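# Chains, contacts and geometry: an overview
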Amino acid sequence: MNARTPSHLLPADPSTSIARLSNSHLDALEEETIFILREVAAAFERPALLFSGGKDSLVMLKCAEKAFGVGRIPYPLLMIDTGHNFHEVTDFRDLRARELGAELIVRNVEDSMKRGTVRLAHPGESRNVHQSVTLLEAIDEFRFDALIGGARRDEEKARAKERIFSHRDSFGQWQPKAQRPELWTLFNTRLQPGEHFRVFPISNWTELDVWQYIEREKIALPSLYYAHQRKVVERKGLLVPVTELTPARDGEQVVEKTVRFRTVGDITCTCPVDSPAATAAEIVIETLAADVSERGATRMDDKTSDASMEKRKKDGYF
């Protein structure tokens, strides 16, 4: 089960279908996001915007441009790099930061490994979960009191529990039963020393909303998001990209398929989906037919158990 829509089911002219699909609700979502981004700037002394170069963070960056103006975003961009990210994404991340004149801070899981704060169980273990340690070290280094993230409630069960202003204790941990009420867009931003907030301005967006907004605003994305040829193997119901980090296993057949990535992350746990969609308009049409969330369809690290994401979030994950 994935987001695949065979090419013969895609409309001959997706822009015609897009024109019939209402996007008037995007104005309200954009307005809410801009309000939250400005609220963070007003309420906190040392906020940062988590920026991976992925589609959700690029949507937030577009809203930040509208909220403050190009070259006037009042907080730095922060990325926690596992060292195993797709180069197309990190190159695009650097390009956008330069275009906006924004300060970009990159902290690496490899440096945490050198310090001994991250220890892999074996050399082939995914570093994705260990980003939590490096992130908490960056928070301590820069004394960040708010981190703006691109998580959405439709992505995964644990993220559906999040408040927009999500409190973290002095250990950087999330307590889902101790979250603060958010009535009438009134946010309690009080902090004790050592605590911080994770703020999610696009919590109420869906994957479809994101792609409609990308199509409407003509937001440039890394090429991985669109259809391209890639060697993959089928494993546990997923298409695993064949790379130096994720080689084919004995007995697996390597095939070349036309695929795209619904979400991008660490190479070791991020999978593409079979798709011919080569434009944002085509992806909007394809997303309408998707019956599995993007993380459910593409992330190996979320397959371990129903509670895997919640456990990681409690430990400080994004």
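All values reported here derive from a predicted model rather than from experimental measurement.

## Looking at the pairing of strand S6 (residues 196–199)
The side chains of a regular strand alternate, first on one face of the sheet and then on the other. Neither face of S6 is left uncovered, since the one carrying His196 and Arg198 and the one carrying Phe197 and Val199 both have all their residues buried. Here three bridges tie strand S4 (residues 146–148) to S6, and the two strands are oriented parallel to one another. If you follow Ala146 over to S6, its bridge partner there is Phe197. Direction of pairing for strand S5 (residues 165–168) relative to S6: antiparallel, over a ladder of four bridges. Directly across from Phe165, in S6, lies its bridge partner Val199.

## With respect to the sheet that holds strand S10 (residues 273–274)
The antiparallel open sheet is built from four strands, whose spatial order is S8-S7-S9-S10. Strands with a single pairing partner mark the edges of an open sheet, and in this sheet they are strand S8 (238–241) and S10. As defined by bridge partners, strand S9 (residues 255–260) adjoins S10 across two bridges and the pair is classed as antiparallel. Of the residues in S10, the one forming a bridge with Val259 is Asp274.

## Regarding the layout of surface pockets
In this structure, the second largest pocket spans a volume of roughly 260 Å³. Lining the second largest pocket are 16 residues; nearest its centre among them are Ile139, Phe144, Gly194, Glu195 and His196. With three residues, the single largest contributor to the lining of the second largest pocket is helix H6 (residues 131–142). Class assignment of the residues belonging to the lining of the second largest pocket gives a composition of five nonpolar, five polar and six charged.

## Observations regarding the packing of helix H8 (residues 207–217) against helix H9 (residues 280–288)
To describe two helices that pack against each other, one gives the angle between their axes and the distance between the axes. Across the interface, H8 lies against H9 with an axial gap of 9 Å and an inter-helix angle of 160°. As the angle between them shows, H8 and H9 are arranged roughly antiparallel. Viewed along their axes, H8 and H9 form a crossing whose handedness is left-handed. Note on element contacts: H9 touches H8 through Ala280, Ala281, Ile283, Val284, Thr287 and Leu288, opposite Glu207, Leu208, Trp211, Gln212, Ile214 and Glu215. For the contact of H8 with H9, the residue count by class is eight nonpolar, two polar and two charged.

## Description of the nonpolar core
Membership of the largest hydrophobic core comes to 52 residues, with the highest contact counts inside it found for Phe165, Trp211 and Ile214. Counting only elements with at least two residues in this core, the list comes to helix H2 (25–43), helix H3 (55–68), helix H4 (87–100), S4, S6, H8 and H9. Top element by residues in this core is H3. It accounts for eight residues. If you look at the next biggest cluster of nonpolar residues, it comprises twelve residues, including Ala48, Val118, Ala138 and Ile139.

## Topic: the side chain of Thr33
By the element assignment, Thr33 lies in helix H2. Non-local contacts of Thr33, meaning those with residues more than four positions away in its chain, are made with Cys63, Pro201, Ile202 and Trp205.

## Details of the pattern of salt bridges
Taken as a whole, this structure holds 22 salt bridges when the rule is applied. Ionic pairing is found between Lys55 and Asp56, a salt bridge with its closest N-O pair at 3.9 Å. Residue Lys55 shares its accessibility class with Asp56, and that shared class is buried.

## Quick word on unusual backbone geometry
Look at Arg143: it is not a glycine, yet its phi comes out positive at around 55°. By the element assignment, Arg143 lies in the loop between H6 and S4. Taking relative accessible area as the criterion, Arg143 reaches 54% and is therefore assigned exposed. Positive phi values are uncommon outside glycine, yet Lys218 reaches one of about 55°. Following the sequence through the fold, Lys218 ends up in the loop between H8 and strand S7 (228–235).

What counts and how
- Residues numbered from 1 in each chain as written.
- Predicted model: local features only at pLDDT ≥ 70, side-chain atom pairs only at ≥ 80, totals over all residues.
- Heavy atoms only, no water.
- Buried < 20%, exposed > 50% of the residue type's maximum accessible area, 1.4 Å probe, protein only.
- Helix = DSSP H or I, 4+ residues; strand = E, 2+ residues; numbered from the N terminus.
- Pairing = 2+ DSSP bridges.
- 1 Å grid on protein atoms, 1.4 Å probe; cavity = no way out; pocket = protein on both sides within 12 Å on 5 of 7 lines; lining within 4 Å.
- Points joined across faces, edges and corners; volume = space filled by probe spheres on them.
- Nonpolar A, V, L, I, M, F, W, Y, C, P; charged D, E, K, R; others polar.
- Axes fitted to C-alpha atoms, helices over the stretch in contact; angles between N-to-C directions.
- Parallel < 35°, antiparallel > 145°, perpendicular 65-115°, else oblique.
- Left-handed = near helix turned anticlockwise from the far one by under 90°.
- Contact = heavy atoms within 4.5 Å.
- Core = buried A, V, L, I, M, F, W, Y, C linked by side-chain atoms within 4.5 Å.
- Salt bridge = Lys/Arg side-chain N within 4 Å of Asp/Glu carboxyl O.

Taken by themselves, the reported measurements are silent on function.
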